[in-house]
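The chain contents come next:
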Amino acid sequence: MPTATKPIYSGKAKDIFETDDSDVLRAYFRDSATAFNAQKKGEIHGKGKVNATISALLFTLVEKNGIKTHFIKQISDNELLVKRVQIIPLEVIVRNIAAGSLCKRLGIKEGKVLKTPIVEFSYKNDELGDPLLTRAYIKNALEIADDKTLDYITEVTLKANEIFKDFFLKNEIKVVDFKLEYGTDKDGNLLLADELSPDNFRFWDAKTNEKLDKDRFRQDLGNVEGAYQEILKRVKSGIQDSAKPQHTSTQAHQHTSTSAHKHFNIKVQVLPKKDILDPQGQAVEKALISLGYKDVRDLKIGKEIVFKVSADSELKAKSQVKEMCEKLLANPVIEDYLIEIK
Ligand code: ADP
Ligand code: AIR
Ligand code: ASP
């Protein structure tokens, strides 16, 4: 149960408390559930505990993959310690498969696999019904984020989507769509915040398409508690599986200490993908043209990473480096990488 102190904020599903440290907040996840901007209200028994635990596990998963979040630790069944942030009042939504408001708005059939993942922004404002925003609304009417911030949020969100899709598919779940919130900490770092749970994700069973998220509550489908418990079960077993040694190049990597004997010099070149916005590259291209180099075009700015690895064959070294690129060195959603081995 929450302690007697008054929350500094009591939302639709969580209470937020201050702690002894002014930079740290305590989020208490309640069982209360709302839908359609609080027009529908109810309780989902055990939801607080399940959502706090799923959030803790998924924040840890994305942190491990290089995404900065507000998560510090889970301190009880229903409570997380988080870094205090100033929330940007945007609901950042990613969609892989058509569902919910997208179907309503566009008349598309639920279940259509979208050509590529879509990122959209809504205004986090219950009174206005969280309206869909354009970039111009965000930048020039609300003035809550600029292009650079929106590009960064989009990049991180698409990366999170790849991490979630991959993790959940291994656990026989399709990630249909989800909503993220971001905020800035006292040092100006943009952190993924709020929660990661079936309250803000649509999850379908990969074999049966059974809904395993808040749509069961929204649409009165029954067994809401069971669906949330099922997601918790699969997330827990997925995390356990991912901690086990793999029979792939990761295992080859572990063997390096005993059997590897060749050293390879690695050079990785990382460049923004062809159609991805590269503001830095565009600025340099413009500057070169204004200096009189009129024929310059398609300028991209990237990075070069050099290091050595030991492995028992070039093939194994290459597959290890490829894995490093996918996990950390590049963002495969928006960047191409080229591996050179000598
Ligand atoms: P809502 O406000 O939508 O009803 P909740 O009941 O989940 O949502 O309340 C939690 C509130 O705390 C949300 O408004 C969310 O934006 C905010 N929040 C989440 N993480 C943080 C954080 N690290 N620092 C400050 N506020 C946060
Ligand atoms: N979402 C949006 N506002 C609040 C939440 N939780 C989430 C939904 C769904 C995604 O954002 O849970 O996963 C898209 O919602 P919709 O209603 O726009 O289709
Ligand atoms: N979270 C929002 C609400 O509580 C929207 C939704 O989940 O449908 O109303």
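Residues numbered from 1 in each chain as written. Chains lettered and ligands numbered in written order. Predicted model: local features only at pLDDT ≥ 70, side-chain atom pairs only at ≥ 80, totals over all residues.

Asks: Would you mind going over the overall build of the protein chain in detail, with residue names and values included?
Replies: Secondary structure assignment for the protein chain yields 9 helices and 17 strands. Over its C-alpha trace the protein chain gives a radius of gyration of 22 Å, about what one expects of a compact globule, namely 20 Å for 342 residues. Reported as C-alpha extents along the three principal axes, the dimensions of the protein chain are approximately 60 × 55 × 50 Å. Put simply, the protein chain has 342 residues, and 29% of those count as buried. (Helix = DSSP H or I, 4+ residues; strand = E, 2+ residues; numbered from the N terminus. Rg over C-alpha atoms; globule rule 2.2 N^0.38 Å. Buried ≥ 20, exposed ≤ 12 C-beta atoms within 10 Å, placed from the backbone.)

Asks: Now, about the nonpolar core: what can you tell me, with residues and values included?
Replies: Soluble globular proteins: nonpolar side chains tend toward being buried together. Among the nonpolar cores identified, the biggest contains 52 residues, and Val-92, Val-175, Tyr-182, Phe-203 and Ile-231 are the most heavily contacted of them. With 7 residues, the single largest contributor to this core is helix α1 (residues 47–64). Counting contributing residues per domain, this core is built from domain 1 (4–83) and domain 2 (87–221 + 228–243), each supplying no fewer than three. Aside from chain neighbours lying at most four places away, what touches Val-92 is Val-119, Phe-121, Ile-153, Thr-157, Lys-179, Leu-180, Glu-181 and Tyr-182. Listed in part, the 10 residues of the second largest apolar core include Val-268, Val-321, Cys-325 and Leu-329. (Core = buried A, V, L, I, M, F, W, Y, C linked by C-beta atoms within 7 Å. Domains from an automatic or database assignment. Contact = placed C-beta atoms within 7 Å.)

Asks: I'd like to hear about the site of ligand 2, residue by residue, with values.
Replies: Taken together, the neighbourhood of ligand 2 is formed by 15 residues, with Gly-100, Ser-101, Lys-179, Asn-200 and Arg-202 sitting nearest. If you list the elements that add at least two residues to the shell around ligand 2, you get β9 (90–97), α2 (100–106), β12 (173–184) and β14 (201–205). Looking at the shell around ligand 2, its residues break down into 5 nonpolar, 3 polar and 7 charged. (Near = placed C-beta within 6 Å. Nonpolar A, V, L, I, M, F, W, Y, C, P; charged D, E, K, R; others polar.)

Asks: Give a description of the environment of Asn-265 that names residues and reports values.
Replies: Within the fold, Asn-265 resides in strand β15 (residues 262–272). Exposure remark for Asn-265: the 12 C-beta atoms within 10 Å place this residue in the exposed category. Residues in contact with Asn-265, not counting those within four places in the same chain, are Lys-308 and Lys-342.

Asks: Help me get a handle on the environment of Tyr-293, residues and values and all.
Replies: Of note, Tyr-293 is situated in the loop between α8 (279–290) and β16 (303–311). Counting along the chain gives 179 residues from Tyr-293 to Leu-114, while the straight-line C-alpha distance between them is 41 Å.

Asks: Describe the domain arrangement of the protein chain, listing the residues and the values that go with them.
Replies: A common measure of how large an interface is: the accessible area buried when the components associate. Partitioning the protein chain into domains gives domain 1 (4–83), domain 2 (87–221 + 228–243) and domain 3 (260–341). Taking only C-alpha atoms into account, the centre of domain 1 sits 17 Å from that of domain 2. Counting residues at the interface gives 25 residues for domain 1 and 29 residues for domain 2. The element contributing the most residues to the side of domain 1 that touches domain 2 is α1, with 11 residues. Grouping the amino acids of the side of domain 1 that touches domain 2 by side-chain chemistry returns 13 nonpolar, 8 polar and 4 charged.

Asks: Let's hear about the site of ligand 1: which residues, and what values?
Replies: In the neighbourhood of ligand 1, 17 residues make up the surrounding shell, with Gly-11, Lys-12, Lys-14, His-70 and Ala-193 lying closest. Here the shell around ligand 1 is composed, by residue class, of 8 nonpolar, 3 polar and 6 charged. The residue makeup of the shell around ligand 1 includes at least three contributed by each of domain 1 (4–83) and domain 2 (87–221 + 228–243).

Asks: Describe the confidence of the model for the protein chain, listing the residues and the values that go with them.
Replies: Looking at the protein chain, the pLDDT average stands at 92 and 94% of residues meet or exceed 70. Contacts from residues 248–259, a stretch scored under 50 in pLDDT, to residues over four places away or in other chains number 16 contacts. (pLDDT = per-residue confidence, 0-100.)

Asks: Account for the sheet that holds strand β3 (residues 24–29), with residues named and values stated.
Replies: Read from one edge to the other, the open sheet built from 5 strands follows the order β1-β2-β3-β7-β6, with strand pairing classed as antiparallel. Among the strands making up the open sheet, the edge pair consists of β1 (9–10) and β6 (71–76). (Pairing = 2+ DSSP bridges.)

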